[in-house]
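# A structural walkthrough
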Amino acid sequence: MILLHHPEVELSRALLAELPSDCGCVDWTSEIQRGEYVALDGPSPSAFPSVLVDVPAYAEDRALIGEGGEFLGMEPVTVPAHQEVLRMPANWDAVASFMASMEERAQLRPAV
């Protein structure tokens, strides 16, 4: 996890004050830190604070469409592991709740 932090935002300062030991931090006002993050192709935040999290691969059902555009049914497809930016989490418990939900989804619907 990485906290995308802006020191002018009260909620961002509150999250930084309780930053978990396994979480990094990018100060968005630091040109160097922001540049390093952008160079890694991390998703951009739409608000501060944001938390970059790793989402495990899972399966979901998608519509199977024939060559003529006809609906043929549903098929399972794998959504690969990826990163998401959680916009303005109220606290670290909210982040933990999201992560637990993503882990449960991956266990209930394993990648195919």
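This section reports on the structure supplied with the text.

Conventions we followed
Residues numbered from 1 in each chain as written. Predicted model: local features only at pLDDT ≥ 70, side-chain atom pairs only at ≥ 80, totals over all residues. Heavy atoms only, no water. Phe/Tyr/Trp six-rings, centres within 6.5 Å; stacked < 30°, edge-to-face > 60°. Buried < 20%, exposed > 50% of the residue type's maximum accessible area, 1.4 Å probe, protein only. Helix = DSSP H or I, 4+ residues; strand = E, 2+ residues; numbered from the N terminus. Lys NZ or Arg CZ within 6 Å of the ring centre and 35° of its normal. Pairing = 2+ DSSP bridges. Axes fitted to C-alpha atoms, helices over the stretch in contact; angles between N-to-C directions. Contact = heavy atoms within 4.5 Å. Core = buried A, V, L, I, M, F, W, Y, C linked by side-chain atoms within 4.5 Å.

## Some thoughts on the packing of aromatic side chains
This model, assessed by the stated rule, comprises two aromatic pairs. With centroids separated by 5.6 Å and ring planes inclined at 70°, the aromatic side chains of W28 and Y37 adopt a geometry described as edge-to-face. We note that W28, like Y37, is buried. Here W28 and F48 contribute two aromatic rings whose centre-to-centre distance is 5.8 Å and whose plane-to-plane angle is 50°, an arrangement assigned as tilted. With a gap of 20 residues between them, W28 in the loop between β2 (24-27) and α2 (31-39) and F48 in the loop between α2 and β3 (50-55) connect regions that are remote in the sequence. Taken individually, W28 and F48 each receive the classification buried, so the pair is uniform in this respect. Here the basic side chain of R105 rests over the ring of Y58, its NZ or CZ set 3.5 Å away from the ring centre.

## Digging into the sheet that holds strand β6 (residues 82-87)
Taking strand neighbours across the sheet as the criterion, the four strands line up as β2-β1-β3-β6 in an open arrangement whose pairing is mixed. Looking at strand neighbours, the two that pair on one side only are β2 and β6, the edges of this open sheet. Here the average twist between neighbouring strands, direction ignored, is 25°. As paired elements, strand β1 (residues 2-5) and β3 share three bridges and run antiparallel to each other. Within β3, the position partnered with L4 by the bridge is S50. Across the sheet, helix α1 (residues 10-17) is in contact with β1 and β2; its angle to β1 comes to roughly 145°. Its contacts with the sheet put α2 on β1, β2, β3 and β6, and the angle it makes with β2 is roughly 115°.

## What to know about the nonpolar core
Inside soluble globular proteins, nonpolar side chains tend to come together where they are buried. L3, L15, C23, V51, V53, V55, L86, W92, V95, F98, M99 and M102 together form the largest nonpolar core, which totals twelve residues. The set of elements that each furnish at least two residues to this core consists of β3 and α3 (92-108). The biggest single contributor to this core is α3, with five residues. Residues contacting V53, with those up to four places away along its chain left out, are M1, H82, Q83, E84, L86, V95, F98 and M99.

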